[in-house]
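# Descriptive analysis of the structure
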Amino acid sequence: MPEIATISYPVSEKNHEASANGNVNDLSQPDASQSKNTDQNRPEWSNKLEFLMSCISMSVGLGNVWRFPFTAYENGGGAFLIPYLIVLFVIGRPLYYLEMALGQFTSRSSVKIWEVSPLFKGIGIGQLVGTTSVVSYYVSLIALTLSYMFASFASVLPWATCKETWGDNCVDSSLIANEMRDNNSSAGQKVSSSQIYFLDIVLKEKDSIDDGIGAPDWKLTLWLLLAWVVIFLVLVRGVKSSGKVAYFLAIFPYVVLIIILVRALTLDGAADGVIFFIKPQWGELLNPKVWKEAVVQCFFSLAVGMGPVIMYASYNNFKHNSYRDAMIVTTLDTFTSLLGGMTIFSILGNLAHNLGIEDISKVVKSGTGLAFISYPDAIAKFDIVPQLFSVLFFFMLFVLGVGSAVALHGAIITAFWDAFPKRKYWHLALILSTIGFCTGLVYITPGGQWILDLVDHYGGTFLIYVLAIVEMVAIFWIYGLDNWCNDIEFMVQRRVGLYWRLCWGLITPLFMIAVFLYSLVEYKWPTYSGQEYPNDALICGIFIFVFGMSQVLIWAVWTVTEDSTQESVWEKITKAAKPSAQWGPSVEHTRKAWLKYKEEARTRRDDIIYAKNHSSIVRKLYVLFGLYDDFIRLDSTKL
């Protein structure tokens, strides 16, 4: 093995002591701040554990307990698990580590990081559009959890038994299997009282939105307001306040989820539900739709392509071990999804048993119904204080939702704060939270769930996914895989392995492009519960997607036209695609060391690749496989 080159550079004595003593691996020790951000007095996390807990509370959210189970439910249960795990390793984890490293390397928001290639600044703006779309409906789901949580304080759970006005086919959710069969001899499809309560009492859902979506429900309006107030209070002081709350937001949900799982596994029929969840249907592995849904779920669960990962990491100390945290969070996120899946499919198995339905895939409607129908149905069957378990469960959903919403909304606020650094953070938080509340009123109307699915499809899924593809291309094919690997090696002092190089440079972008092309070829207009949307609604959904994507073109044109030199248009485009003078670490002495490191790495690479007169293809393979040199390690005695 060639000798490892050493580069020395000046840094603070405090950082020298930290590295020499091995504190870089101690999660409980505070990071030593090098200096303030050049743009503004950017705060840092009080300690490394706050950052990790915040990332866990962000990625472990309703996507794990609500969206993952119903996505698996719609795609064959166990047939979905294998594609999901594969997608995690070839798309989810590489993207998560990339975005975490981008934020930490630059100490900037998801918009400002595009100094790496100003031509693509519109990616960050477009991602804000997508993130805003997700936040707008995500908080309305939190409002539903609050509605259920406070309703759980009743002496009898309001969804546990049927009311006379709910029809003859209503089945009490509180009944066990034998009682249910004895009390329901009439013909016709049975419907659980928990399903009727959710659709008719809470949502007052419309069968069609041809005549409009209706007015917001006043009770849900109050819950929506309360949800936004909580989110604002958590964010009011940025990471100084959200970091303290992160411990509770990250840990508490696991306690309740495990309790619910233990109870669910004791229910009759639970084993059938678990088998349906974990038993793969091998034929479904050849179904591209399953793979596409696995990719979508991975994005939603990890919150990649939306900005919060970059935002949280931008408050890190430059030398923080982000590699370790990325591995912890992505692994824990997957574990939580599996835990949530085991829980809800145990409940679905019991529900199928009680309703006398053999096919578990036909038990309930998908979507939000799995969280707000199946879970309440199981809780209603608890023999001991079901009210207590119900309060705990919906409080857990509330905590999960708040953790993710704080990260998503925080990414939006930070982007505006970086753009308007003279404004106080809490002022921006108040303004944007107020706008978020007003926007969220759309989703608590009788037609709100129709709109939620539409916005999620075009703004929360399609838009974010396509922008993530452009992001990968811009970083690894325009800025360059080699340049990025040098940057990240300088920052985390860790060799970029073959797995990361292959994923970043080849597998991940090509896989994502292939899934996108399949989505276009097999594209079908979205529906809600099997019903088609009115044309006006579809036009609004398409507008969200087009508006977000158009930001890439608009800002690219703006960047090129702002160049007042006499160069040709192509020369201006080429120059705009290269990093600006603001790209790189924000701290001056670290920036100087980085530039020196890059020059040393480039010289070492050129001595090997160009000295042997390799063809351009061979040179690219050298870069892709990292064959041109060994890791140029910085002198640890100078860190």
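Above: the structure in question.
Let me begin by describing the structure that accompanies this report. (Residues numbered from 1 in each chain as written. Predicted model: local features only at pLDDT ≥ 70, side-chain atom pairs only at ≥ 80, totals over all residues. Heavy atoms only, no water.)

### Some thoughts on the overall build of the chain
Definition in use: Numbering of helices and strands starts at the N terminus; helices are DSSP runs of H or I of at least 4 residues and strands are runs of E of at least 2. Only protein chains enter the accessibility calculation, which uses a 1.4 Å probe; a residue is then buried when its area is under 20% of its type maximum, exposed when over 50%, and partly exposed in between. Whether two residues touch is decided by their heavy atoms; if any such pair falls within 4.5 Å, the residues are in contact. Note on areas: these come from Shrake-Rupley sampling with a 1.4 Å probe, and a residue is covered only by the protein chains present in the view.
What the chain contains, in helices and strands, is 22 helices and six strands. Counting over 639 residues, the chain shows a buried share of 59%. Taking all contacts inside the chain whose residues are at least 6 apart in sequence as the whole, residues at least 24 apart take part in 83%. Counting only carbon and sulfur atoms, one obtains 63% of the accessible surface of the chain, whose full area is about 25900 Å².

### Observations concerning the packing of aromatic side chains
The relation between two aromatic rings is expressed through the spacing of the ring centres and the mutual angle of the planes. For clarity, the cut-off: The rule is short: rings of Phe, Tyr and Trp, with Trp giving its six-membered ring, pair when the centres are within 6.5 Å, and they are stacked under 30 degrees, edge-to-face over 60, tilted in between.
Under the counting rule described, the total for this entry stands at 52 aromatic pairs. Pairing Phe248 with Phe395 gives two aromatic rings, centres 6.1 Å apart and planes at 45°, and the pair type is tilted. In this pair, Phe248 is assigned in helix α9 (residues 239-265) and Phe395 in helix α15 (residues 386-419), connecting sequence segments 147 residues apart. For Phe395, a relative accessible area of 26% corresponds to the partly exposed category. Ring geometry for Tyr323 versus Trp500: centroids 6.0 Å apart, planes at 75°, classification edge-to-face. Taken together, the positions of Tyr323 in helix α13 (residues 322-355) and Trp500 in helix α18 (residues 498-521) put the pair 177 residues apart, joining distant regions of the chain. Trp500 matches Tyr323 in its accessibility class, with the two residues each being buried. Through successive ring pairs, a cluster of aromatic residues spans Phe105, Phe318, Tyr479, Trp484, Phe490, Trp583, Trp594 and Tyr597.

### Some words on the packing of helix α8 (residues 218-235) against α9
For any two helices packed against each other, the geometry is given by the interaxial angle and the distance between the axes. The line we're drawing: Fitting a line to C-alpha atoms yields each axis, with helices limited to the stretch in contact; the angle taken between N-to-C directions then spans 0 to 180 degrees. To sort the angles, those under 35 degrees are grouped as roughly parallel, those over 145 as roughly antiparallel, those from 65 to 115 as roughly perpendicular, and the leftovers as oblique. Residue polarity follows a fixed list, in which Ala, Val, Leu, Ile, Met, Phe, Trp, Tyr, Cys and Pro are nonpolar, Asp, Glu, Lys and Arg are charged, and the others, Gly among them, are polar.
It is the contact of α8 with α9, at a shortest axis distance of 6 Å, that shows an interaxial angle of 110°. When the axis of α8 is compared with that of α9, the two are roughly perpendicular. Seen from α8, the contacting residues are Leu233, Val234 and Leu235; seen from α9, they are Ser241, Ser242 and Val245. Along the lines of polarity and charge, the residues of the contact of α8 with α9 split into four nonpolar, two polar and no charged.

### With respect to the state of the cysteines
Here is the rule: Working definition: a disulfide is two cysteine sulfur atoms within 2.5 Å of each other.
Considering all chains together, one arrives at one disulfide under this definition. Linked covalently through their sulfurs, Cys162 and Cys170 form a disulfide whose S-S length is 1.9 Å. Across the disulfide from Cys162 to Cys170, rotation about the S-S bond amounts to roughly -85°, and the bridge is consequently left-handed. Note on Cys170: relative accessible area 7%, which makes it buried.

### Overview of the side chain of Asn317
We count it as follows: Here a polar contact means two N or O atoms within 3.5 Å. Within protein one must be a hydrogen donor candidate and the other an acceptor candidate, and residues neighboring in sequence count only if both atoms are side-chain atoms.
Position of Asn317 relative to the elements: it lies in the loop between α12 (308-313) and α13. You can call Asn317 buried: its relative accessible area is 5%. At 3.0 Å, the side chain of Asn317 and the backbone nitrogen of Lys319 are in polar contact.

### Things to note about unusual backbone geometry
In this structure, Ser107 takes a positive phi of about 55° despite not being glycine. The exposure class of Ser107 is buried, given its relative accessible area of 12%. For Gln493, which is not glycine, the phi dihedral falls at a positive 55°.

### Some words on the pattern of salt bridges
Condition: For this document, the term salt bridge refers to a Lys or Arg side-chain nitrogen within 4 Å of an Asp or Glu carboxyl oxygen.
In this structure the tally under the stated criterion is nine salt bridges. Residue Lys292 is joined to Glu293 by a salt bridge in which the shortest nitrogen-to-oxygen separation is 3.6 Å. Residue class for Lys292 comes out partly exposed when judged on its relative accessible area of 23%. When the shortest N-O distance is used, the salt bridge between Asp563 and Lys575 registers 2.9 Å. Note that Asp563 is positioned in the loop between α19 (535-561) and α20 (569-577) and Lys575 in helix α20, a separation of twelve residues in sequence. Given a relative accessible area of 14%, Asp563 falls into the buried group. Several salt bridges converge on common partners, so that one network encompasses Asp563, Glu567 and Lys575.

### Things to note about helix α10 (residues 270-278)
Inclusion rule: As used here, the arc is the angular range of directions from the helix axis to the C-beta atoms.
Every buried residue of α10 is accounted for by Ala270, Gly273, Val274, Phe276 and Phe277. Buried residues of α10, seen end-on, are gathered within an arc of 160° and therefore sit on one face of the element. Turned more than 90 degrees off the buried face of α10, the exposed positions are Ala271 and Asp272.

### Some remarks on the packing of helix α3 (residues 62-74) against helix α5 (residues 121-151)
In contact at an axis separation of 13 Å, α3 and α5 are set at 95° when each is read in the N-to-C sense. The orientation of α3 relative to α5 falls into the category roughly perpendicular. Each of Leu62, Gly63, Trp66 and Arg67 in α3 lies in contact with α5, whose residues at this interface are Tyr137, Tyr138 and Leu141. When the residues that make up the contact of α3 with α5 are grouped by side-chain class, the tally is five nonpolar, one polar and one charged.

### Topic: a nonpolar patch on the surface
As a reminder of what qualifies: Residues forming no salt bridge and having over 30% relative accessible area are the ones grouped into patches, like charges within 9 Å of each other and nonpolar side chains (Val, Leu, Ile, Met, Phe, Trp, Tyr) within 5 Å.
The grouping of Trp477, Ile478, Leu506, Ile507 and Leu510 at the surface amounts to a nonpolar patch, some 420 Å² of accessible area in total. Elements represented by at least two residues in the nonpolar patch include exactly α17 (448-492) and α18. Residue placement: Trp477 occurs in helix α17.

### Observations concerning the environment of Tyr425
Along the polypeptide, Tyr425 turns up in helix α16 (residues 425-440). A relative accessible area of 11% places Tyr425 in the buried class. A C-alpha to C-alpha distance of 7.4 Å links Tyr425 and Val236, two positions 189 residues apart in sequence. Those residues within four positions of Tyr425 in sequence are excluded, and the remaining contacts are Leu235, Val236, Gly238, Tyr315, Gly410, Ile413, Thr414 and Trp417.

### A look at the nonpolar core
How we decide: Put simply, a nonpolar core is a bunch of buried Ala, Val, Leu, Ile, Met, Phe, Trp, Tyr and Cys residues held in one set by side-chain atoms that sit within 4.5 Å of each other.
Counting residues in each nonpolar core, the largest one holds 196 residues, and the members touching the most others are Tyr96, Phe299, Trp484 and Trp504. Ranked by residues supplied to this core, first place goes to α17 with 26 residues. Setting aside residues no more than four positions away along its own chain, Tyr96 makes contact with Cys55, Met58, Ser59, Leu302, Val304, Val309, Ala326, Val329 and Thr330.

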